[in-house]
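# Secondary and tertiary structure notes
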Amino acid sequence: MGKRALERRLSAVAEFEDPRVELEQYPTPADLAAHLVHLADVHGDVAGETVVDLGTGTGMLAIGAATRSPVRVVGLDRDPAALRQATENERRVEPARSVDWMLGDATEAPLCPDDPVTVLMNPPFGAQRGNEHADREFLETTAAVADVSYSIHNEGSMAFVESFAADADAAVTHAFRAELPLSRQFEFQRNERTVLDAEVFRIEWR
């Protein structure tokens with residue numbers, strides 16, 4: 001399945017019904033998710049691997065990975081409502097591989113996989129008061145469990161991500177800019193539609 005075909009399938013993924021601002025529950029666009037999954041697949045990081053989506057939300061990245069040929073896909077989130085939506089979205093898309101949905105806190109490393117792991121994630125950017133440095137906590141978990149990761153971060157995160165990776169004896173191998181179009185979900189958002197500039201990184205941890 002090509003990237004465009006995957007994007008069309010992922011367009012069936014429904015967004016959060018009642019998003020929680022404290023968890024920064026913003027949807028991952030289908031086109032960006034398809035690009036990440038396609039890139040990971042081209043680099044041999046999906047087929048035959050265990051793929052983990054930390055903070056899976058509506059399940060966009062986990063479901064996308066499950067359309068390829070992974071050994072296993074795990075979607076982890078601390079919000080039961082998000083996991084219910086992710087489960088419904090899996091039924092909408094019907095990927096070839098079923099997803100194991102897990103309730104848990106991605107910042108507390110609840111996984112101890114033995115097989116090679118690829119992490120795909122769109123972690124909270126840490127932009128909300130009381131949730132600062134949330135993306136660092138997700139990277140700490142990733143460093144503990146992953147061989148390779150693909151993650152979406154706020155614009156201007158290059159220096160931070162490269163420094164974090166270097167401290168973990170890891171390496172950023174790819175980086176590119178992306179856009180996150182967001183519809184109005186919360187009262188503090190003034191515009192009906194906003195486009196956030198973001199950055200995506202591929203990191204080899206081991």
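Above this text sits the structure in question.
What counts and what doesn't
Residues numbered from 1 in each chain as written. Predicted model: local features only at pLDDT ≥ 70, side-chain atom pairs only at ≥ 80, totals over all residues. Heavy atoms only, no water. Helix = DSSP H or I, 4+ residues; strand = E, 2+ residues; numbered from the N terminus. Buried < 20%, exposed > 50% of the residue type's maximum accessible area, 1.4 Å probe, protein only. Contact = heavy atoms within 4.5 Å. Core = buried A, V, L, I, M, F, W, Y, C linked by side-chain atoms within 4.5 Å. Arc of directions from axis to C-beta. Axes fitted to C-alpha atoms, helices over the stretch in contact; angles between N-to-C directions. Parallel < 35°, antiparallel > 145°, perpendicular 65-115°, else oblique. Left-handed = near helix turned anticlockwise from the far one by under 90°. Nonpolar A, V, L, I, M, F, W, Y, C, P; charged D, E, K, R; others polar. Salt bridge = Lys/Arg side-chain N within 4 Å of Asp/Glu carboxyl O.

## Concerning the overall build of the protein
Of the regular secondary structure elements, the protein holds 6 helices and 7 strands. Listing each helix as α and each strand as β along the protein from the N terminus yields α-α-β-α-β-α-β-β-α-β-α-β-β. The 206 residues of the protein split such that 51% are buried. If you take every contact in the protein between residues at least 6 apart in sequence, the share linking residues at least 24 apart comes to 72%.

## A short note on the nonpolar core
The biggest cluster of nonpolar side chains holds 34 residues, and the ones touching the most others in it are Leu10, Leu120 and Ile152. At the level of secondary structure, the elements contributing two or more residues to this core comprise helix 1 (3-10), helix 2 (30-42), helix 3 (60-66), helix 4 (80-93), strand 3 (99-103), strand 5 (148-154), strand 6 (171-183) and strand 7 (193-204). Looking at this core element by element, the count peaks at 8 residues for helix 2. Apart from residues lying up to four places away in sequence, leucine 120 is in contact with Val37, Ala40, Val51, Val52, Asp53, Leu54, Leu61, Ala65 and Tyr150. Grouped together as the second largest cluster of nonpolar side chains are 20 residues, Leu76, Ala106, Phe201 and Trp205 included.

## A few points about helix 6 (residues 158-167)
Of the residues making up helix 6, those classed as buried are Val161, Phe164 and Ala165. Taken end-on, helix 6 shows its buried residues confined to a sector of 95 degrees, consistent with a single buried face. The exposed residues of helix 6 that point more than 90 degrees off its buried face are Ala159 and Asp167. Just downstream of helix 6 lies aspartate 169, where phi reads positive at about 60 degrees.

## So, the packing of helix 1 against helix 2
Contact geometry for helix 1 and helix 2: axes closest at 8 Å, N-to-C directions at 135 degrees. Put simply, helix 1 runs oblique to helix 2. The element helix 1 and its partner helix 2 pack so that their crossing is right-handed. Note on element contacts: helix 2 touches helix 1 through Ala30, Asp31, Ala33, Ala34, His35, Val37 and His38, opposite Lys3, Leu6, Glu7 and Leu10. Of the residues in the contact of helix 1 with helix 2, the class split is 6 nonpolar, 2 polar and 3 charged.

## A short note on the pattern of salt bridges
Where side chains of opposite charge bring their charged atoms close, a pairing between them can arise. All chains considered together, the criterion is met by 7 salt bridges. Between arginine 68 and aspartate 41 there is a salt bridge; the shortest N-O distance is 2.8 Å. Note that arginine 68 is positioned in the loop between helix 3 and strand 2 (72-77) and aspartate 41 in helix 2, a separation of 27 residues in sequence. A salt bridge links aspartate 45 to arginine 202; the shortest N-O distance between them is 3.1 Å. Remark: arginine 202 occurs in strand 7 and aspartate 45 occurs in the loop between helix 2 and strand 1 (50-54); sequence separation between them is 157 residues. Each member of the pair, aspartate 45 together with arginine 202, is buried.

These figures come from the coordinates and say nothing about function on their own.
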